[in-house]
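Spelled out from the first residue to the last, the chains are:
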Amino acid sequence: LHTVLSPGRPLLLRIFEPRYTDMVGRCAREQRPFGVVLIQEGEEAGEVATTATVGCSARIVDFYTLEDGLLGISCVGERKFRAMRVWRESGGLNMAELTWLPEEPAMPLPEDCAELREAVRGAVEQLAEHYEHVEKKLDDAAWVGSRLAELLPLALLDKQALLELDDPIKRLKALMTVMVPDAEK
């Protein structure tokens, strides 16, 4: 997709291509997630030229019919992975052999990042309907950093770089320099 999914991020999708309808049906039947990686070159519909190698699994948490009659799904990002080998099925679905990346350790949010927690709290409250299926962890450094990375108007490649960091504190420090430019001094 032309988005970066991280663990704990809500993702709303409109399903209209047969390959994705089949994938959603398979995921629902088998109660399995699907993978989301950033498209670096190409479009979401049709041929994808290049994708990032690090992505995140997405768990479907709700299904609904959209106003235009198409299927809508609500998902939540679960776990990061690295795509080791990719291929395209005959039906057009992109597949990958992957390796799960280690889950980031739960770490308390550093005191000097308290303003980031409050920024995330306010944003999540304003977007409550999108975050209804998401467990809020406002004292967890990884969770707060991931929410900031998804909510801030950053370039997709910058969001991807933040996803690929495996240290929640480094991610927070990088985000602090964006939100508070004097923070790096």
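Analysis parameters
- Residues numbered from 1 in each chain as written.
- Predicted model: local features only at pLDDT ≥ 70, side-chain atom pairs only at ≥ 80, totals over all residues.
- Heavy atoms only, no water.
- Phe/Tyr/Trp six-rings, centres within 6.5 Å; stacked < 30°, edge-to-face > 60°.
- Helix = DSSP H or I, 4+ residues; strand = E, 2+ residues; numbered from the N terminus.
- Lys NZ or Arg CZ within 6 Å of the ring centre and 35° of its normal.
- Buried < 20%, exposed > 50% of the residue type's maximum accessible area, 1.4 Å probe, protein only.
- Expected span 1.5 Å × (residues − 1).
- Arc of directions from axis to C-beta.
- Contact = heavy atoms within 4.5 Å.

Asker: If you had to explain the packing of aromatic side chains to someone new, which residues and values would you point to?
Answerer: A complete count under the given rule lists one aromatic pair for this structure. Here the aromatic rings of Phe81 and Trp100 are separated by 6.2 Å at their centres, their planes lie at 90°, and the arrangement is edge-to-face. Taken together, the positions of Phe81 in strand E6 (residues 71-88) and Trp100 in strand E7 (residues 94-100) put the pair 19 residues apart, joining distant regions of the chain. Above the plane of the ring of Trp143 lies Arg147, whose end atom (NZ or CZ) is 5.1 Å from the centre.

Asker: Please set out unusual backbone geometry residue by residue, giving values where relevant.
Answerer: In this structure, Gln31 takes a positive phi of about 50° despite not being glycine. By the secondary structure assignment, Gln31 is in the loop between helix H1 (18-30) and strand E2 (34-36). Look at Gln31 and you get exposed, because its relative accessible area is 65%.

Asker: Describe in detail H1, supporting the description with residues and values.
Answerer: Given 3.6 residues per turn, any residue in an α-helix points the same way as the ones three and four places further on. Taking 1.5 Å as the rise per residue, H1 with 13 residues should run 18 Å; its terminal C-alpha atoms sit 18 Å apart, in good agreement. Listing the buried residues of H1 in full gives Arg19, Met23, Val24 and Cys27. On an axial view of H1, the arc spanned by its buried residues comes to 130°, and they lie on one face. In H1, the exposed positions angled more than 90 degrees off the buried face are occupied by Pro18 and Arg29. On its buried face, H1 is in contact with strand E1 (10-15), E2, strand E5 (54-65), E6 and E7. Positioned one or two residues after H1, Gln31 has a phi angle of 50°, which is positive.

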